[in-house]
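Spelled out from the first residue to the last, the chains are:
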Amino acid sequence: MEPSVKNWVSLLALGVIWGSSFLAVSIAVQNVGPLTVAAGRISIGAVLLLIFLRVRATPLPKLRTPGSTTVWAAAFGFGVCAMAFPFFFLSWGQQHVASGFAGVTMATVPLLVLPLAHFLVQGERMNASKLVGVTAGFVGVAILIGPAAFNTTGGQLEPIARLACFAAAACYAFGAIIARSAPKVDPIAFATAATVLAAFIIVPVAILVEGLPFEMDRNSLIAIVFLGAIPTAAANLLLVAIIRSAGPSFMSLVNYQVPLWSVLFGTVFLGEVLPNQTFATLALILLGVGFSQKNAIRRLIAGQKARA
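Residues numbered from 1 in each chain as written. Predicted model: local features only at pLDDT ≥ 70, side-chain atom pairs only at ≥ 80, totals over all residues. Heavy atoms only, no water.

1. With respect to the nonpolar core
Step number 1: Formed by 67 residues in total, the largest nonpolar core has its most connected members in W18, F78 and F190.
Step number 2: Excluding anything up to four places from it in sequence, W18 contacts P231, A235, L239, V254 and V258.
Step number 3: Residues V25, V37, A223 and I224 belong to the second largest nonpolar core, which totals nine residues. (Core = buried A, V, L, I, M, F, W, Y, C linked by side-chain atoms within 4.5 Å. Buried < 20%, exposed > 50% of the residue type's maximum accessible area, 1.4 Å probe, protein only. Contact = heavy atoms within 4.5 Å.)

2. Section: the pattern of salt bridges
Step number 1: Overall, the coordinates contain two salt bridges when judged by the stated rule.
Step number 2: Note that D186 is salt-bridged to R56, the shortest N-O span being 4.0 Å. Highlighted residues: D186 in the loop between α7 (158–181) and α8 (187–210) and R56 in helix α2 (residues 34–56), separated in sequence by 130 residues. (Salt bridge = Lys/Arg side-chain N within 4 Å of Asp/Glu carboxyl O. Helix = DSSP H or I, 4+ residues; strand = E, 2+ residues; numbered from the N terminus.)

3. Topic: helix α5 (residues 109–120)
Step number 1: For α5, which comprises 12 residues, the first-to-last C-alpha distance of 16 Å matches the rise-based estimate of 16 Å (1.5 Å per residue) to within 8%.
Step number 2: Listed in full, the buried residues belonging to α5 are V109, P110, V113, L114, L116, A117 and H118. (Expected span 1.5 Å × (residues − 1).)

4. Examining the packing of α2 against helix α9 (residues 218–246)
Step number 1: At a closest axis distance of 7 Å, the pairing of α2 and α9 adopts a crossing angle of 55°. Accordingly, the angle class assigned to the pair α2 and α9 is oblique. Handedness of the α2/α9 crossing: right-handed. Here α2 contributes V37, G40, R41, I42, I44, G45, L48, L49 and F52 to the contact with α9, which in turn contributes I224, V225, L227, G228, A229, P231, T232, A233 and L237.
Step number 2: Looking at side-chain class alone, the contact of α2 with α9 contains 13 nonpolar, four polar and one charged residues. (Axes fitted to C-alpha atoms, helices over the stretch in contact; angles between N-to-C directions. Parallel < 35°, antiparallel > 145°, perpendicular 65-115°, else oblique. Left-handed = near helix turned anticlockwise from the far one by under 90°. Nonpolar A, V, L, I, M, F, W, Y, C, P; charged D, E, K, R; others polar.)

5. Comments concerning the side chain of T232
Step number 1: Structurally, the position occupied by T232 is in helix α9.
Step number 2: Sequence-distant contacts of T232, defined by excluding residues within four places in its chain, comprise R41, I42, G45, F87, T195 and L227.

6. What to know about the side chain of R41
Step number 1: Within the secondary structure, R41 is located in helix α2.
Step number 2: E210 provides the closest opposite charge to the buried, salt-bridge-free R41, at an N-O distance of 13 Å.
Step number 3: R41 has contacts with V25, F87, I224, L227, G228, P231 and T232, leaving out every residue within four places of it along the chain. (Lys, Arg positive; Asp, Glu negative; His and termini not counted.)

7. Concerning empty space enclosed by the protein
Step number 1: Overall, the coordinates contain three cavities of 30 Å³ or more when judged by the stated rule.
Step number 2: Computed from the structure, the largest cavity encloses a volume of approximately 170 Å³.
Step number 3: Around the largest cavity, the lining is made up of 14 residues, and of these S21, F22, R41, L90 and Y172 lie nearest the centre.
Step number 4: Taken together, the elements giving at least two residues each to the lining of the largest cavity come down to α1 (5–28), α3 (68–93) and α11 (254–270).
Step number 5: Per-element accounting of the lining of the largest cavity gives the leading share, four residues, to α1.
Step number 6: Considering only enclosed or pocket space, the second largest cavity measures out at about 70 Å³ in volume.
Step number 7: Lining the second largest cavity, in full, are W18, F78, A82, V109, Y172, G175, A176, L239, I243, M251 and N255.
Step number 8: Only α3, α7 and α9 provide two or more residues apiece to the lining of the second largest cavity.
Step number 9: For the lining of the second largest cavity, the element with the most residues is α7, which contributes three residues. (1 Å grid on protein atoms, 1.4 Å probe; cavity = no way out; pocket = protein on both sides within 12 Å on 5 of 7 lines; lining within 4 Å. Points joined across faces, edges and corners; volume = space filled by probe spheres on them.)

8. Notes on the environment of I42
Step number 1: With respect to the helices and strands, I42 occurs in helix α2.
Step number 2: Taking relative accessible area as the criterion, I42 reaches 0% and is therefore assigned buried.
Step number 3: For I42 and M83, which are 41 residues apart along the polypeptide, the C-alpha to C-alpha distance reads 7.3 Å.
Step number 4: Once you skip the residues sitting within four places of it in the chain, I42 turns out to touch M83, A84, F87, T195, A198, A199, I202 and T232.

9. Description of unusual backbone geometry
Step number 1: Backbone geometry at A57 places phi at a positive 60°, although glycine is not the residue there.
Step number 2: Within the element layout of this structure, A57 appears in the loop between α2 and α3.

Dropping the structure here:
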């Protein structure tokens, strides 16, 4: 499976979208519990995707056809691993760790996906180029965020919060493998089914643990609506489409973009100072991505020249 120009554009768009989510989550959790933030964004995403399916006249995967159990089991696994668990882990973890730590942990996703895909996904073989490339990308992200990401906040829950951030990264890695291994159904229908199932899982838990959010300020509400519409609904459509057409290893490279965009959004909207190493880091990340996908890029360029 070779990534196309459309895949590369989608990967860039997904990086921008997910990069913005860290800013939105940090705003939302100032006034709302982390479970409620996760439940709210997933529920809004599910409703929007159901509406989108209705407009397209596309049905959800059938319930009583041969293979339907496998489809819905995969959708359940994807909903749990790509939404319900990591959204909560990150929302809660960001309250107790240094601001850049979550960005570093997200950069571990490609390192986790690479061996998983090697053993679990046909055609996703791990080789030296991919290993060097994803390692270079991770180093680039670590340099961008700097040692401050590992500074202790002194909080009692910080060690558990750090584990929660790593658990979120592991969930994303397994979610990518599940989406790629799922039966071939309409990707939009699959993403919608997964989001609906994730909402059914997390909404009752959020209500039971944190209660109904009767008091929510305007900023938190806007942040949750944004998280539901863009980094959940729109991102899920892109995510599933990329994984299905280009594979989980390629999709996981988006996690090198996310911290970069997060830093840029913080600079633009929060007035944070852009780190001096930003552009050097960008070059290292691009080098890592290019090295891990060098054969695909070479064939893509050759194909574009042939069509020209």
